[in-house]
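Breakdown of the fold
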Amino acid sequence: MAKMFLSNFILGAADPLVDWELFWSSIGPMVGGGIKNTIPLTLFAFTFGLILALLTALARLSGNKILSGIARVYVSAIRGTPLLVQLFIVFYGLPDLGITLEPFPSAVIAFSLNVGAYASEILRASILSVPKGQWEAGYTIGMTYPQTLRRIIIPQATRVSIPPLSNSFISLVKDTSLASQILVIELFRKSQEIAARTYDFLQLYITAAILYWIVCFVLSLVQGRIEKKLDRYVAK
Amino acid sequence: MQIQVKNLHKSFGDLDVLRGIDLDVPKGSVVAIIGPSGSGKTTFLRCLNALEMPNQGLYQFSDGFKLDFSKQPKKNEILKLRRKSGMVFQSYNLFPHKTALENVMEGPVIVQGLKKEEVREKAVFLLEKVGLGEKMHLHPHQLSGGQQQRVGIARALAIQPELMLFDEPTSALDPELVGEVLSVMRELAKEGQTMVVVTHELKFAEEVADHVMFIDGGVVVEQGPPKEILKAPKEARTKQFLDRVLNPS
Ligand SMILES: Nc1ncnc2c1ncn2[C@@H]1O[C@H](COP(=O)(O)OP(=O)(O)O)[C@@H](O)[C@H]1O
Ligand SMILES: [Mg+2]
């Protein structure tokens, strides 16, 4: 085994640049890990995270001292600690309290909490960016706070929040690779597993990187299109 | 009296902006409020719609609905007050993500819970009335200032308010667009809509108002029929103000 490692390391330069056989046999499992875990993890975490973010943003804007205090501490705690540590607390730490979760739900929880905190700041800023006159116009035709929020403010805030939320989404896709550390068999974990067998680290990790890049590139194209579409009708 | 306001006070921190304002508006009449910038005109109108909460004062409608601002009014009282009055803002404040028609329909559909088809017909009627029947499917950013303000008026009228409040509705407009908005307001006055109008358009006030109030420093300095106040004011401060409005620079 040491010999194999050596030959690979020292003689690597003499090998063909890309081991195509390995490429074709590794890409399937990696894409599989992406479809089975990376993408669902991203979608679940972003959906739950956004719901949490909206509640947190509203709590902070509510003027209720207790609610906004809780929201503030939550955001501060999540933003002030590493994501990897948060993942470890949920997966390796909670069992000490008798709460044992599978890797995937653990990852969904940790990532949702993370998205919830960061996106709440985005939503709060977008809601605050809607001119005060829009609230007042809603109130003067007799609308309540929730009616005005839902019908008048959120639609305008959404348009403002699309660019920063798209950035969060794209970051999330990449960050899910950290779930490999709590045994979620996602794209990067797959590449690690194959690399552990074949020792072809460089090629496998670059393949993984390219796969992430492709996904993020496509997403950034989608982002551009959405932004163009929503550019109109924003209150000045 | 359609509405009666007694001894209305409002301060922001240490700043006493309104210091005991009384207002009586008979049904179907138009009251014009004039006064220098910073005298509290906007604050007064906003108090009448509870966009600002007065510190003190009584507000009474002819149907017996009554608010005493020395106590914090309940949420549903505030909603009720707002449904009785329509507000037209200096800066229009139309909903930019909705068409002119949707802007007008929003109140009746969401607030009054009426059926969309029913409301639609009335909203189209209102937009035609303010001369925008052809533009009803456009968004605010596709309309001129004067057109936006006319949509603003239609939107406020859509909830069938007993009282319409106008806060300098033409002062953000280019001069050539002022007339179209004033003529809509003149029409409303003729139909017997009760209105309180803050304005610098003295000619309009003279023609349309039944009563003119001059406010300065948060108090009513002088009030009466337009001919008296605008042509033969008694108070020096009124004279000075009128002189400055009529002969700018
Ligand atoms: N929300 C507020 N907070 C503090 N001061 C205010 C506020 N709104 C108005 N004011 C002050 O109240 C005074 C009257 O303002 P305003 O009612 O807008 O006058 P006008 O409409 O007659 O020009 C001004 O001195 C203004 O600075
Ligand atoms: Mg004003």
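Residues numbered from 1 in each chain as written. Chains lettered and ligands numbered in written order. Predicted model: local features only at pLDDT ≥ 70, side-chain atom pairs only at ≥ 80, totals over all residues. Heavy atoms only, no water.

**Structural notes on the UniProt feature "domain: ABC transporter" (unreviewed entry) in chain B**
Under the present numbering, the feature "domain: ABC transporter" (unreviewed entry) in UniProt falls on residues 3-242 of chain B. Secondary structure within residues 3-242 of chain B divides into 39% helix and 25% strand; the distance between the first and last C-alpha atoms comes to 28 Å. (UniProt positions renumbered as here; feature names shortened; annotations may be inferred. Helix = DSSP H or I, 4+ residues; strand = E, 2+ residues; numbered from the N terminus.)

**Re the interface of chain A and chain B**
Of the residues lining the interface, 21 residues belong to chain A; the matching set on chain B comes to 23 residues. In this assembly, chain A packs against chain B so that about 1,900 Å² is buried in total across both faces, 63% of it on carbon and sulfur atoms. Seen at the junction of chain A and chain B, the total is 2 salt bridges. When the shortest N-O distance is used, the salt bridge between E136 of chain A and R46 of chain B registers 2.7 Å. For the pair chain A and chain B, the interface holds 7 residue pairs in polar contact (both at pLDDT 80 or more). Looking at the side of chain A that touches chain B, the elements that each hand over two or more residues are helix 6 (132-140) and helix 7 (145-175) of chain A. A total of 8 residues in the side of chain A that touches chain B trace back to one element, the largest contributor, which is helix 6 of chain A. Here the residues of the side of chain A that touches chain B sort into 9 nonpolar, 8 polar and 4 charged. (Contact = heavy atoms within 4.5 Å. Buried area = accessible area lost by both parts, 1.4 Å probe. Salt bridge = Lys/Arg side-chain N within 4 Å of Asp/Glu carboxyl O. Polar contact = N/O pair within 3.5 Å; in protein donor to acceptor, adjacent residues only side chain to side chain. Nonpolar A, V, L, I, M, F, W, Y, C, P; charged D, E, K, R; others polar.)

**Some words on the confidence of the model for chain B**
Of the residues in chain B, 100% reach a pLDDT of 70 or more, and the chain-wide mean stands at 96. Across the assembled chains, the prediction reports ipTM 0.95 with pTM 0.88. (pLDDT = per-residue confidence, 0-100.)

**Observations concerning the sheet that holds strand 6 (residues 85-88) of chain B**
All names here are of chain B. Spatially, 6 strands are ordered 6-7-8-3-9-10 in an open sheet, and the strand pairing comes out mixed. The open sheet terminates on both sides in strands that have one partner only, identified here as strand 6 and strand 10 (219-224). Adjacent strand axes in the sheet meet at a mean angle of 20° when their direction is disregarded. Alignment of strand 6 against strand 7 (residues 163-167), held across 4 bridges, turns out to be parallel. Note on strand 7: the bridge partner recorded for S85 is L163. Here helix 5 (residues 145-157) sits on the sheet and contacts strand 6 and strand 7; the angle it forms with strand 6, its principal contact strand, is near 170°. (Pairing = 2+ DSSP bridges. Axes fitted to C-alpha atoms, helices over the stretch in contact; angles between N-to-C directions.)

**Here we look at the site of ligand 1**
Residue and element names in this part refer to chain B. For ligand 1, the full set of nearby residues is F12, L15, V17, P36, S37, G38, S39, G40, K41, T42 and T43. G38 has a polar backbone atom sitting 2.7 Å from an oxygen atom of ligand 1. In this structure, an oxygen atom belonging to ligand 1 sits 3.2 Å away from a main-chain N or O atom of S39. For ligand 1, whose free accessible area comes to 570 Å², the fraction covered by protein is 59%. At the level of elements, strand 2 (15-25) and helix 1 (41-48) are the ones that each hand at least two residues to the shell around ligand 1. Counting residues per element, the shell around ligand 1 draws most heavily on helix 1, which supplies 3 residues. Partitioning the shell around ligand 1 into residue classes produces 4 nonpolar, 6 polar and 1 charged. (Near = heavy atom within 4 Å. Areas by Shrake-Rupley, 256 points an atom, 1.4 Å probe, with all protein chains shown as cover.)

**Things to note about the pattern of salt bridges**
Two side chains bearing opposite charge may form a pair once their charged atoms approach each other closely. If you walk through the whole model with that rule in mind, you get 16 salt bridges over all chains. The partner of E193 of chain A in a salt bridge is K190 of chain A, with the nearest N and O atoms 3.5 Å apart. With a gap of 3 residues between them, E193 of chain A and K190 of chain A both fall in helix 8 (residues 187-198), about one helical turn apart. Judged by relative accessible area, which is 30%, E193 of chain A ranks as partly exposed. On the accessibility criterion, K190 of chain A (23% relative accessible area) is partly exposed. A salt bridge links E206 of chain B to K231 of chain B; its shortest N-O distance comes to 3.3 Å. A residue pair is termed long-range when its members are at least 10 positions apart, and E206 of chain B in helix 7 (residues 202-208) and K231 of chain B in helix 8 (residues 226-231) qualify at 25 residues. On the basis of relative accessible area, K231 of chain B is assigned to the exposed category, the value being 57%. Through salt bridges with shared partners, a single ionic network connects K132 and E136 of chain A together with R46 and E52 of chain B. (Buried < 20%, exposed > 50% of the residue type's maximum accessible area, 1.4 Å probe, protein only.)

**Points about helix 4 (residues 116-129) of chain B**
Residues and elements named next belong to chain B. In this model helix 4 runs 20 Å from its N-terminal to its C-terminal C-alpha over 14 residues, within 8% of the 20 Å that 1.5 Å per residue would give. Considered for burial, the residues of helix 4 that qualify are V119, A123, V124, L126 and L127. Along the axis of helix 4, the buried residues cluster in a sector spanning 160°; they form a single face. Those residues of helix 4 that are exposed and aimed more than 90 degrees away from the buried face are E117, E121 and F125. In the core, the buried residues of helix 4 are packed alongside helix 3 (100-111) and helix 5. Directly after helix 4, the chain includes G131, whose backbone phi takes a positive value near 80°. (Expected span 1.5 Å × (residues − 1). Arc of directions from axis to C-beta.)

**Regarding the pairing of strand 2 of chain B**
Looking along a regular strand, one sees side chains alternate from face to face of the sheet. All names here are of chain B. Where strand 1 (residues 3-12) and strand 2 come together, 8 bridges link them in antiparallel fashion. Across the sheet, H9 pairs through a bridge with R19, a residue of strand 2. Linking two consecutive strands that pair antiparallel, namely strand 1 and strand 2, is a turn of 2 residues; a positive phi of about 60° is found at G13 within it.

**Focus: the environment of A59 of chain A**
All names here are of chain A. Along the chain, A59 falls in helix 2 (residues 20-61). Of the residues examined, A59 reaches a relative accessible area of 13% and is grouped as buried. Once the C-alpha coordinates of A59 and G49 are considered, the two residues, 10 residues apart in sequence, prove to be 15 Å apart. Aside from chain neighbours lying at most four places away, what touches A59 is L67, S68 and A71.

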